[in-house]
Amino acid sequence: MRAGSILLTSLMLAQGCVGAPSSHRAAPGMAPGGRDPTAFEGALGGEVGRRVARLTVAGIERTVSVLVPRAREAHPPLLVLLHGTNGNGEGIVDECGAAPVAEQRGFVLAAPDSREPTTGDWDHAEAGERYWETAPDRDPDHNPDLLFVRAVIAAAVRDLGVDPARVFVAGHSNGAFFAYLVAATMPDRVTAFATNSGGLVRCATSQSCAFRAGATADCGRFASMPGWCACNGPALPIEAPRAGRRPPAYIVHGTDDPTVSVQYSCALASELRAAGHEVELELRANEGHYCDRGFTAAAWTFFAGLQP
């Protein structure tokens, strides 16, 4: 990074500013002023503090945990944080250590709750679990969960003055897969994204591969290790976008994850880079399937270092 860029990043961190400057134009595909035209009812509220808000989107009432920091800009950034299967927004905020980072860095934090689909999907064998829908419907104008994220962003812009040019998405496990899908299908609304214990799957499901690397934290060495999975099916939840805007990615995975193989994050990083995305991959040796309390802080440091 050039000296001038380092100075700019330091100033941005000190002021709680990250990512694209607020002077950037609204992203392509959005209405003038950066407002998403998606229809919803309800509001996030404007008061400082942490609370649960309700939005009705596509006829479904949804809940979202919101934190508005006391010290913030007139048009602050937004982080949408996505939980894993059977989790909830309140829980992932605490698990990933997000609340103190939002207060210190001055960004609005929104952690929505998933729903219980009526059928299973590629990664959930049957109904009865709460998770983010990543297939078969990947259309942000139709998928109920993508519409919900659009509504959360639109409500944050309307109610809290969030800067639409500085919207970030992060997630853990099923929320990580969904964060990638959100960024891939809505690059006009997402500045950058971060995943923890997710990735890109070419096996039938994420459980199809049980590869664990233990103390080895080098994707280049994994293919020669016992248990490596030679899956070559279609990319799940979606192929890495190769056209249009390509949001940068910060990818974290424990090498000893027993639930979602580290192989998938290596695949995501590799395929995103091949498609022209900026990627930072962090493999954590011997760590398992959880969201480290330092994840949000590390992701925000990555976001802050991005060049406009």
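As shown above, the structure is provided for reference.
The shown structure was predicted, so the numbers you read here are calculated from the model rather than taken from an experiment. (Residues numbered from 1 in each chain as written. Predicted model: local features only at pLDDT ≥ 70, side-chain atom pairs only at ≥ 80, totals over all residues. Heavy atoms only, no water.)

### What about the sheet that holds strand β9 (residues 279–284)?
At step 1: Read from one edge of the open sheet, nine strands run β1-β2-β3-β5-β4-β6-β7-β8-β9, paired in mixed fashion. The two strands at the open ends of the sheet, each matched to only one other strand, are β1 (41–43) and β9. Strand after strand, the sheet turns through a mean of 15 degrees between neighbouring axes, direction not considered.
At step 2: Pairing of strand β6 (residues 167–172) with strand β7 (residues 192–196) involves five bridges; the strand directions are parallel. Note on β7: the bridge partner recorded for G171 is T195.
At step 3: Its contacts with the sheet place helix α7 (residues 262–274) against β7, β8 (249–254) and β9, and it is angled at close to 160 degrees to β8. (Pairing = 2+ DSSP bridges. Helix = DSSP H or I, 4+ residues; strand = E, 2+ residues; numbered from the N terminus. Axes fitted to C-alpha atoms, helices over the stretch in contact; angles between N-to-C directions. Contact = heavy atoms within 4.5 Å.)

### Thoughts on empty space enclosed by the protein
At step 1: If you walk through the whole model with that rule in mind, you get one cavity of 30 Å³ or more.
At step 2: The volume enclosed by the largest cavity comes to roughly 50 Å³.
At step 3: Together, N196, S197, V252, H253, G254, R284, E287, G288, Y290 and D292 line the largest cavity.
At step 4: The residue makeup of the lining of the largest cavity, split by class, is two nonpolar, five polar and three charged. (1 Å grid on protein atoms, 1.4 Å probe; cavity = no way out; pocket = protein on both sides within 12 Å on 5 of 7 lines; lining within 4 Å. Points joined across faces, edges and corners; volume = space filled by probe spheres on them. Nonpolar A, V, L, I, M, F, W, Y, C, P; charged D, E, K, R; others polar.)

### Overview of the pairing of strand β5 (residues 108–112)
At step 1: Counting buried positions along β5 yields five of five residues, so the element is predominantly enclosed.
At step 2: Side chains of β5 alternate between two faces, with V108, A110 and P112 and L109 and A111 buried alike.
At step 3: As paired elements, strand β3 (residues 60–68) and β5 share four bridges and run antiparallel to each other. Counterpart to V64 in the pairing with β5 is P112.
At step 4: With three bridges joining them, strand β4 (residues 78–82) and β5 adopt parallel strand pairing. In the sheet register, V80 faces β5, and the bridge partner there is A110. (Buried < 20%, exposed > 50% of the residue type's maximum accessible area, 1.4 Å probe, protein only.)

### Observations regarding the layout of surface pockets
Over the atoms, a rolled probe matching the size of one water molecule traces out where space is still vacant.
At step 1: For the second largest pocket, the calculated volume is near 180 Å³.
At step 2: Taken together, L200, R202, C203, W228, C229, C231, Q263, Y264, C266, A267, S270 and E271 form the lining of the second largest pocket.
At step 3: The class makeup of the residues in the lining of the second largest pocket is eight nonpolar, two polar and two charged.

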